[in-house]
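This is what each chain is made of:
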Amino acid sequence: MHKSYPVVHPFTWMPPSGTLTTDTWLGQVTCLERGDGSWVYDTQGKAYLYTTTAVPTVGLSNWRVIQAMKEQMERLSFASTCAQTHGLVEPLADKLLRLCGSRYAKVFFTNDGSGAVETAMRLIRQHFISRGEAKRDKFISFDGSFHGTTYGSGSVTHLGIREMFGRGLEDCLCAPAPNLYRPPGGVSSPEGAADFCLKELERLIEEAGPETIAAVLVEPIQAVNGVVLMPESFFSQVRTLTRQYGIAVISDEVTTGLGRTGHWSLSEKYGLEPDVLAVSKGLTGGYFPMGAVLMSGELDDSLFGSGGILLHGSTQCGHPVGCAAALEVLEIIERDGLPDHAAVRGQGILDDFADALADHPHVGDIRGMGLMLALEFVKDKATKEPVDFEWGRRLSGHLHDEGILGNYFNGILLMYPPLNVSGEECDFLVHGVTRALRRMG
Ligand SMILES: Cc1ncc(COP(=O)(O)O)c(C=O)c1O
């Protein structure tokens with residue numbers, strides 16, 4: 001008698017319930033048992049270099065982080081931050097404010113990345129309502145963006161997910177993104193792509209009525225959509241345009257933030273000057289589910305300058321064990337200079353991929369920044385027609401055999417090694433992926 005499998009997994013095709021047993025399920029997914037540094041091991045003891053999700057920044061089973069969490073767990077395993085506090089929220093907020101640039105004044109903690117984006121959207125709505133601009137209730141985000149899975153953050157996600165749930169928040173508009181590999185508008189230069197998209201953004205704002213737009217949401221590098229890079233100049237141009245119309249900017253650095261791209265915050269480097277910055281994955285590096293939003297001094301003034309209340313949050317946000325994990329993870333990233341390390345390692349991997357794969361008939365693009373890396377596969381390099389589902393399924397199998405766990409999605413392989421990945425581990429990744437691709441012919 002086979003036991004039927006009782007779990008529904010996120011973003012995962014579930015086979016028909018009548019046929020799904022624990023045995024069949026475990027036969028088709030990797031079941032992990034333990035992790036150590038950049039490596040995870042399945043129930044058969046097979047090792048994989050863990051490059052999925054962009055969450056682990058200091059690797060798995062880091063004893064310093066575990067020790068800090070254990071001590072906190074023993075001292076105070078839970079404390080609400082709703083009209084109470086504990087000793088770690090303030091130092092963690094101070095650290096984030098110091099690391100992410102001088103424009104932010106306050107921090108609000110959430111339980112994940114979606115919650116951070118949702119909070120950012122609410123902060124902006126409250127801000128405009130309190131200023132008598134309640135009509136500003138529309139959000140604009142870019143084609144291909146992934147901002148999360150809650151009702152609001154899912155409504156500004158333009159990646160074909162919303163369609164499964166019917167109507168989301170009304171009036172969430174979609175602007176074209178200056179994707180450097182697949183630029184819209186028939187232009188080929190980065191400047192041309194930025195120019196086209198900026199004009200389209202302005203047209204959208206004008207058409208919708210500038211006085212009705214609350215915020216533009218930006219992912220400085222689109223993560224889930226395939227590590228999509230955009231021209232650097234685009235971001236300050238978006239800021240100038242939005243300022244002209246009194247529109248706020250939310251920067252979603254849930255994936256890019258806190259060291260992964262070689263910078264603590266790409267918004268800071270790109271001159272995006274957001275009103276709210278959302279971070280999550282690198283905050284605790286996977287040791288605890290957590291996110292945060294940082295709000296600008298101006299927004300803080302507007303919402304709390306004369307005292308105020310945010311009627312939003314979750315029972316467990318600002319959890320002391322999560323704060324202990326985050327403080328230790330950020331300490332390690334800072335002390336060990338991991339953003340710089342990520343920049344150097346990432347460039348090395350890109351160079352090695354270019355040497356090994358430039359002539360591969362199906363490798364259309366090799367791209368990334370820091371340790372956000374992607375290979376985009378095409379049937380034909382001239383037409384850029386994407387590879388089909390079966391091609392990707394076979395490649396995923398070969399990568400699995402090579403001991404590499406990455407995210408394969410829509411013809412793009414995403415690789416996010418931990419920020420402290422070693423040179424040997426980078427070689428393992430490049431050689432393993434190259435061998436897997438050579439086997440594809
Ligand atoms: C840019 C971005 N925003 C938001 C999210 C949602 O974060 P979470 O999965 O923690 O809810 C993600 C997740 O991949 C993301 O990449």
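On a predicted model such as this, the values are computed, not experimentally measured, just so you know.

Engineer: Looking at this structure, I do not really get the overall build of the chain. What am I missing?
Structural biologist: The secondary structure content of the chain amounts to 14 helices and 16 strands. On C-alpha atoms alone, the chain measures out to a radius of gyration of 22 Å, which is about the 22 Å that the 2.2 N^0.38 rule sets for 441 residues. Buried positions account for 45% of the 441 residues belonging to the chain. By sequence separation, contacts in the chain at least 24 residues apart represent 71% of the contacts at least 6 residues apart.

Engineer: Is there a simple way to explain the sheet that holds strand β6 (residues 172-175) in this structure?
Structural biologist: For sheets, the rule is that strands pair by backbone hydrogen bonds, running either parallel or antiparallel. Pairing is mixed across the open sheet formed by seven strands, whose spatial order is β4-β10-β9-β8-β7-β5-β6. Looking at strand neighbours, the two that pair on one side only are β4 (104-110) and β6, the edges of this open sheet. On average, adjacent strands in this sheet sit at an angle of 20° to one another, irrespective of strand direction. Here strand β8 (residues 248-253) runs beside strand β9 (residues 276-279); their pairing, made up of four bridges, is parallel. Paired with Ser251 across the two strands is Leu277, which belongs to β9.

Engineer: Would you mind showing me how to read the site of the ligand here?
Structural biologist: In the vicinity of the ligand, 15 residues are found, and the nearest of them are Asp112, Gly113, Ser114, Ala223 and Val254. At three residues, the largest contribution of residues to the shell around the ligand is made by helix α4 (residues 113-130).

Engineer: Can you help me understand the domain arrangement of the chain in this one?
Structural biologist: Interfaces are often sized by the amount of accessible area the parts lose when they come together. For the chain, the assigned domains are domain 1 (31-61 + 337-440) and domain 2 (64-335). Computed over C-alpha atoms only, the centres of domain 1 and domain 2 are separated by 26 Å. Facing the 27 residues of domain 1 at the interface are 24 residues of domain 2. Elements represented by at least two residues in the side of domain 1 that touches domain 2 include exactly α12 (338-357), β11 (363-369), β12 (372-380) and β16 (412-415). Here the side of domain 1 that touches domain 2 takes six residues from α12, the largest share from any one element. When its residues are assigned to classes, the side of domain 1 that touches domain 2 shows 16 nonpolar, six polar and five charged.

Engineer: Before we go on, may I ask you to explain helix α14 (residues 423-440) in this structure?
Structural biologist: Side chains three or four residues apart in an α-helix point the same way, a direct result of the helix having 3.6 residues per turn. Taking 1.5 Å of rise per residue, the 18 residues of α14 would be expected to cover 26 Å, and the 26 Å separating its terminal C-alpha atoms lies within 8% of that figure. The complete set of buried residues in α14 reads Glu425, Cys426, Leu429, Val430, Val433, Ala436 and Leu437. For α14, the buried positions fall inside an angular range of 140° around the axis, keeping them on one side. With respect to the buried face of α14, the exposed residues turned more than 90 degrees away are Gly423, Glu424 and Arg438. Of the residues one or two after α14, Gly441 is the one with positive phi, at around 80°.

Engineer: What is the right way to read the environment of Val279 from this model?
Structural biologist: Relative to the elements of secondary structure, Val279 occurs in strand β9. Residues Val279 and Gly313, spaced 34 residues apart in sequence, show a C-alpha to C-alpha distance of 16 Å.

Engineer: Is there a simple way to explain the pairing of β9 in this structure?
Structural biologist: If a strand is regular, its side chains alternate between the two faces of the sheet. Burial along β9 is two-sided: the residues Val276 and Ala278 and Leu277 and Val279 are all buried. Where β9 meets strand β10 (residues 291-296), four bridges bridge the pair, whose relative direction is antiparallel. Note on β10: the bridge partner recorded for Ala278 is Val293.

Engineer: I'm lost on the sheet that holds strand β2 (residues 39-42) in this one. Help?
Structural biologist: In space, the four strands of this open sheet follow the order β1-β2-β3-β14, with mixed pairing throughout. At either margin of the open sheet sits one strand with a lone partner, and together these are β1 (32-36) and β14 (404-405). The pairing of β2 with strand β3 (residues 47-50) spans three bridges and is antiparallel. Each bridged residue has a counterpart across the sheet, and for Tyr41 the counterpart in β3 is Ala47.

Engineer: What is the right way to read the packing of α4 against helix α10 (residues 297-304) from this model?
Structural biologist: Axis angle and axis distance: for two packed helices, these are the angle between their axes and the distance between the axes, and together they describe the pair. Two elements in contact, α4 and α10, have axes whose closest approach is 9 Å; the angle formed by their N-to-C orientations is 60°. If you check the angle between α4 and α10, you find them oblique. Crossing of α4 against α10: the hand is left-handed. In contact with Leu123, Gln126, His127 and Ser130 of α4, α10 contributes Leu299, Ser302 and Leu303.

Engineer: What am I meant to see in the environment of Ser302 here?
Structural biologist: Along the chain, Ser302 turns up in helix α10. Using a count of 19 C-beta atoms within 10 Å as the deciding quantity, one classes Ser302 as partly exposed. In the structure, Ser302 is positioned 176 residues away from Gln126 in sequence and 9.4 Å away in space, judged by C-alpha atoms. Here Ser302 is in contact with His127, Ser130 and Arg131, once residues within four sequence places are set aside.

About the cut-offs
- Numbering of residues begins from 1 in every chain and follows the order in which that chain's sequence is written.
- Per-residue local features are limited, in this predicted model, to residues with pLDDT of at least 70; the limit for side-chain atom pairs, both in listing and counting, is 80 or more; totals at the level of whole chains, interfaces and linings are taken over all residues.
- By the criteria applied, helices consist of DSSP H or I runs no shorter than four residues and strands consist of E runs no shorter than two, each listed in order from the N terminus.
- Our radius of gyration is a C-alpha quantity, and the globule rule it is checked against amounts to 2.2 Å times the number of residues to the power 0.38.
- The burial criterion counts other C-beta atoms lying within 10 Å of a residue's C-beta, which is placed from the backbone; the residue is buried at 20 or more, exposed at 12 or fewer, and partly exposed between these limits.
- Placing a C-beta atom from the backbone of each residue, one calls two residues in contact when those atoms lie within 7 Å.
- If DSSP finds at least two bridges between two strands, the strands pair.
- Angles here are taken between N-to-C directions and fall from 0 to 180 degrees, while the axes themselves are lines fitted to C-alpha atoms, restricted in helices to the stretch in contact.
- For each residue, a C-beta atom is positioned from the backbone; the residue is called near a molecule or strand if that atom sits within 6 Å of it.
- These domain boundaries are the output of an automatic or database domain assignment.
- Throughout, the ten residues Ala, Val, Leu, Ile, Met, Phe, Trp, Tyr, Cys and Pro are labelled nonpolar, Asp, Glu, Lys and Arg are labelled charged, and all others, Gly among them, are labelled polar.
- Multiplying 1.5 Å by the helix residue count minus one yields the expected span of that helix.
- What the arc describes is the spread of directions from the helix axis to the C-beta atoms.
- Our angle categories are set so that under 35 degrees counts as roughly parallel, over 145 as roughly antiparallel, 65 to 115 as roughly perpendicular, and the remainder as oblique.
- For any helix crossing, the convention is left-handed if the near helix is rotated counterclockwise from the far helix by under a right angle, and right-handed if that rotation is clockwise.

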